[in-house]
Amino acid sequence: MEIILSGIRSTGQLHLGNYFGAIRNFVKLQHTHNCYFFIADYHSLTTHPTPENLQANVTQVLVEYLASGLDPEKATIYIQSDVPEVCELYLLLTMNAYVGELERCTSFKEKIRKQPNNVNSGLLTYPVLMAADILLHKAHKVPVGKDQEQHLEMARTFAGRFNRLYNNDYFPSPKAFNFGDALVKIPGLDGSTKMGKSEGDANAIYLADSEKTIHKKIMRAVTDSGPEKPNQEKAQAIQNLFDIMTVVSDKQTIAFFEEAYSKCTIRYGDMKKQLAADVYKFIEPIGNRIRELNQKPEFIREVADYGAEKARKSARKTISEVREIIGFRTV
Ligand code: TRP
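This write-up is about the structure you can find in this document. (Residues numbered from 1 in each chain as written. Predicted model: local features only at pLDDT ≥ 70, side-chain atom pairs only at ≥ 80, totals over all residues. Heavy atoms only, no water.)

## Brief notes about the side chain of Asp278
Filter applied, for reference: Helix and strand labels come from DSSP, where a helix needs a run of H or I of at least four residues and a strand needs a run of E of at least two; each type is numbered from the N terminus. For every residue, the accessible area obtained with a 1.4 Å probe (protein chains only) is divided by the maximum for its type, and the residue is called buried under 20%, exposed over 50%, and partly exposed between those limits. None of His or the chain ends enter the tally, which takes Lys and Arg as positive and Asp and Glu as negative. Here a salt bridge means any side-chain nitrogen of Lys or Arg lying within 4 Å of a carboxyl oxygen belonging to Asp or Glu. Residues are treated as being in contact if the distance between any of their heavy atoms lies within 4.5 Å.
Looking at the secondary structure, you find Asp278 in helix 13 (residues 268–294). Buried within the structure, Asp278 lacks any salt-bridge partner; Lys281 is the closest side chain of opposite charge, at an N-O distance of 5.0 Å. Setting aside its immediate chain neighbours within four residues, Asp278 contacts Val248, Ser249 and Thr253.

## Some details on the packing of aromatic side chains
Put simply, the rule reads: Side-chain rings of Phe, Tyr and Trp (the six-membered ring for Trp) are treated as a pair once their centres are within 6.5 Å; stacked means planes under 30 degrees apart, edge-to-face means over 60, and tilted covers the remaining angles.
The full count for this structure, using the stated rule, is 13 aromatic pairs. With 5.6 Å between their ring centres and 75° between their planes, Tyr19 and Phe282 make a pair best called edge-to-face. Here the residue Tyr19 occupies a position in helix 1 (residues 16–32), and Phe282 occupies one in helix 13, the gap between them amounting to 263 residues. Look at Tyr19 and you get buried, because its relative accessible area is 11%. Here Phe26 and Phe37 contribute two aromatic rings whose centre-to-centre distance is 4.4 Å and whose plane-to-plane angle is 20°, an arrangement assigned as stacked. Placement of Phe26 in helix 1 and of Phe37 in strand 2 (residues 34–39) is noted, with a sequence separation of 11 residues between them. Residues Phe26 and Phe37 agree in their burial class; the two are buried.

## Let's talk about the pairing of strand 2
As a reminder of what qualifies: In this description, strands pair whenever DSSP reports at least two bridges between them. Orient the strands so they point away from the viewer; a crossover is then right-handed if the path from the first strand over the helix to the second runs clockwise.
Extensive coverage of strand 2 is indicated by the burial of 5 of its 6 residues. Summarising the sheet, strand 1 (residues 3–8) and strand 2 pair through 6 bridges and their orientation is parallel. Its bridge partner being in strand 2, Ile4 is matched across the sheet by Cys35. Note that the unit made of strand 1, helix 1 and strand 2 has a crossover that is right-handed.

Here it is as structure tokens:
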């Protein structure tokens, strides 16, 4: 069975955009593929060397993924730092990752600009650690967004180089996994085309938001003064509300407001009230599970341990084989 692997950033509450982007698709993939999903907490030190709430953040992300439907029995779900075998593979891969190619990496150049006072070598070798994450389980496919394509390309380079250097075909070449149409882009509430936390909290609806918060955020969403002539084209902010409606509301509701818009009878206040109710109806079961799981820290720890054990089994095998290929004594 094809092996799919994805790393998840370790900070930040998950929002509706994350859900209709990666998460929902991960949940589907776990039924059809051998999936590895891990929270990339080692990587987070490249930008946050002394995170205040490292454990709490990692736990929160894990809770929210579980609440969204990731199943520890179906997929291998683990925390990167619980599987320190990745560090050995990382070390071995650095030996044939050239400084020049790492320096040319777009994300590295961006980080130099963003944090000129902390150009640590972890930033430079970020793509090597990411390649180690992928190759540790000999993954075939990696779901990546545009911003990670170059990193994946580098993972292919390192895998190919390893294979050539040691004259074998040990590592499969990891390819991008494309969700295609299943990837639904959720716009922001501030009129921007993307829901994201970097745009400010009012722009995003978090999976853990209460009914009241959702209502407040949606009622405050950007609109315009309303259509002035029949069938007028919608401004971005208005289109955004309709786009969100498309994923949470039923067909009749959408048709009703589409018609009201084209006939210039729409009342945005009514539409927002409906949208807030439908968004909450959609999110409520996930939010409830988040709140439930937050009450069970021991259970979350057990899930993490269980995932780490599964991941380490696969990791140890790879490490031992790689050591043998290079010529080290296997341990
Ligand atoms: N770099 C990825 C991001 O910022 C996270 C990540 C770390 C990752 N290791 C990975 C993604 C391995 C896919 C495979 O989103």
